[in-house]
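# Residue-level structure breakdown
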Amino acid sequence: GIVGGGILGMATARELSRRLPGKRLVLFEKEKELATHQTGHNSGVIHCGVYYKPGSLKARLCVRGNKLSYEYLKAKGIPFEQCGKLIVAVT
C-alpha cells in the first residue's frame, strides 16, 4: 500500500497502476480529502530550474520536469496559464 494522498503518493499510485495493470493497489490517507496538506498549499508554479547551478542534476531535472508537466497538461486538456518570469541580474 501507499501511505499519503498528496502529490507524491498519488503520482506513485498512478505509476504503479500503469506498471502493474490488474494488480490491486491501496492508498491510505488519514484526511477526508486528498492533497490537504503541503500539496494543497503550494503556489502551483511549474519551476524552470533557474535557481540551481547550470548543468547540475537539480537544474536538469527541473528543466525536464517543466517540459513534461506542460506536455501532460496539454495532452490531458487541463487548463493552465504559462505566464513566464522576468529575471533581472544585479551586481
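Residues numbered from 1 in each chain as written. Predicted model: local features only at pLDDT ≥ 70, side-chain atom pairs only at ≥ 80, totals over all residues. Heavy atoms only, no water.

## Overview of the environment of Gly9
Under the convention used in this document: In this text, helices come from DSSP runs of H or I with a minimum length of four residues, and strands from runs of E with a minimum of two, each type numbered from the N-terminal end. We call two residues in contact when some of their heavy atoms are within 4.5 Å.
Topologically, Gly9 is positioned in helix H1 (residues 7-19). The sequence separation of Gly9 and Cys48 amounts to 39 residues, and the corresponding C-alpha distance is 23 Å. Those residues in contact with Gly9, other than ones at most four positions away along the chain, are Ile2, Gly4 and Leu27.

## Quick notes on helix H2 (residues 57-76)
Put simply, the rule reads: For a helix, the expected span equals 1.5 Å multiplied by the number of residues minus one. Think of it in three bands: with a 1.4 Å probe and only protein chains considered, a residue is buried below 20% of the maximum accessible area for its type, exposed above 50%, and partly exposed in between. Comment: arc refers to directions from the helix axis out to C-beta atoms.
Here H2 is 20 residues long and its end C-alpha atoms lie 28 Å apart, about the 28 Å a rise of 1.5 Å per residue gives. Burial in H2 covers these residues: Ala59, Cys62, Asn66, Tyr70 and Leu73. Down the axis, H2 shows its buried residues gathered within 65° of arc, on one side only. Looking at H2, the residues exposed on the side facing more than 90 degrees away from the buried face are Leu57, Leu61, Ala75 and Lys76.

## Things to note about a nonpolar patch on the surface
Where we set the bar: The residues that make up patches have over 30% relative accessible area and no salt bridge, and they are joined within 9 Å when like-charged or within 5 Å when they are Val, Leu, Ile, Met, Phe, Trp or Tyr. Every accessible area reported is derived by Shrake-Rupley at a probe size of 1.4 Å, with residue values counting cover from the shown protein chains alone. We define a salt bridge as a side-chain nitrogen of Lys or Arg found within 4 Å of a carboxyl oxygen belonging to Asp or Glu.
Residues Val50, Tyr51, Tyr52 and Ile87 make up a contiguous nonpolar surface patch of roughly 440 Å² in combined accessible area. Relative to the elements of secondary structure, Tyr51 occurs in the loop between strand S2 (27-28) and H2.

## Concerning the pattern of salt bridges
Across all of its chains, the model carries three salt bridges by this definition. The salt bridge partner of Glu15 is Arg19, with a shortest N-O separation of 2.8 Å. Placement of the pair is Glu15 and Arg19 together in helix H1, with a separation of four residues, close to one helical turn. Of the residues examined, Glu15 reaches a relative accessible area of 29% and is grouped as partly exposed. Two residues, Lys67 and Glu71, come together in a salt bridge whose shortest N-O distance is 2.6 Å. Of this pair, Lys67 and Glu71 both sit in helix H2, separated by four residues, roughly a single helical turn. Judged by relative accessible area, which is 38%, Glu71 ranks as partly exposed. Linked by salt bridges that have partners in common, Glu15, Arg18 and Arg19 make up one network.

## A closer look at unusual backbone geometry
At Ala35, a residue that is not glycine, the phi angle is positive and equals roughly 55°. Looking at the secondary structure, you find Ala35 in the loop between S2 and H2. The partly exposed category is assigned to Ala35, whose relative accessible area is 30%.

In short, geometric facts, not functional conclusions.
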